[in-house]
Amino acid sequence: MAEGALGPGAALPPVRRLADELGVSPGTVATAYKELRRRGIVVTRGRGGTVVAAAPSVASRRPPKVPHGLQDLAGGHPDPRLLPHLVPPSRLSPGARSHRSTPRLARLEDAVRDWLRPDGVPTEHVTFATARSI
């Protein structure tokens, strides 16, 4: 299809026949057909079989516009206003460079251990610390 061998409306072989020709399981071919349907490359016509779609869908390269008042979380970029101010390590005192100098949050550690333990998650190394302002 990608090479243009099958044009719009061309029928794909039945799942079992293609599986036999390729020497793979029918489940593998069915999964491939399902993915092609999901992408809009083929359509299924019930007893009419699976055919190449008239106009395969093409994903847009631009992200959709985010409606006013909503925050776009798709890119995974946090709001810079919510991030802490970072100081270069060279400006930190020697003691502040160690995670050991930060006060531990023992009650939070205990609560998380109690929450994870029933699921079999190893909890001996769970730790939380507060962020100190410089």
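Structure shown above.
About the criteria used
Residues numbered from 1 in each chain as written. Predicted model: local features only at pLDDT ≥ 70, side-chain atom pairs only at ≥ 80, totals over all residues. Heavy atoms only, no water. Helix = DSSP H or I, 4+ residues; strand = E, 2+ residues; numbered from the N terminus. Buried < 20%, exposed > 50% of the residue type's maximum accessible area, 1.4 Å probe, protein only. Contact = heavy atoms within 4.5 Å. Areas by Shrake-Rupley, 256 points an atom, 1.4 Å probe, with all protein chains shown as cover. Expected span 1.5 Å × (residues − 1). Arc of directions from axis to C-beta. Axes fitted to C-alpha atoms, helices over the stretch in contact; angles between N-to-C directions. Left-handed = near helix turned anticlockwise from the far one by under 90°. Nonpolar A, V, L, I, M, F, W, Y, C, P; charged D, E, K, R; others polar. Core = buried A, V, L, I, M, F, W, Y, C linked by side-chain atoms within 4.5 Å.

Enquirer: I would appreciate a short explanation of the overall build of the chain in the present structure.
Expert: When its secondary structure is counted, the chain shows three helices and two strands. When the helices and strands of the chain are read in sequence order from the N terminus, they spell out α-α-β-β-α. Each of the 134 residues in the chain was classed as buried or not, and the buried ones make up 15%. Looking at the chain alone, contacts between residues at least 24 apart form 40% of all its contacts between residues at least 6 apart. Carbon and sulfur atoms make up 58% of the accessible area of the chain, which amounts to about 11,400 Å² in all.

Enquirer: What am I meant to see in helix α2 (residues 26–38) here?
Expert: The periodicity of an α-helix, 3.6 residues per turn, causes residues three or four places apart in sequence to face the same way. For α2, with 13 residues, the first-to-last C-alpha span of 18 Å sits near the 18 Å given by 1.5 Å per residue. Three or more residues of α2 are buried, namely V29, Y33 and L36. Seen from one end, α2 has its buried residues packed into an arc of 60°, which puts them on one side. Of the residues in α2, the exposed ones pointing more than 90 degrees away from the buried face are T31, K34 and R38. Looking at the buried residues of α2, the elements they touch are α1 (15–22), β1 (42–44) and β2 (50–52).

Enquirer: Would you mind showing me how to read the packing of α1 against α2 here?
Expert: Axis angle and axis distance: for two packed helices, these are the angle between their axes and the distance between the axes, and together they describe the pair. Two elements in contact, α1 and α2, have axes whose closest approach is 8 Å; the angle formed by their N-to-C orientations is 115°. With respect to the hand of their crossing, α1 and α2 are arranged in right-handed fashion. Residue-level contacts link V15, R16, L18 and A19 of α1 to P26, V29, A30 and Y33 of α2. Each residue belonging to the contact of α1 with α2 can be placed in one class, and the counts come to seven nonpolar, no polar and one charged.

Enquirer: Mind showing me how you'd approach the nonpolar core here?
Expert: Counting eight residues, the largest nonpolar core is built from L12, L18, A19, V29, Y33, L36, V42 and V52. When residues of this core are traced back to their parent elements, those giving at least two are α1 and α2. With three residues, the single largest contributor to this core is α2.

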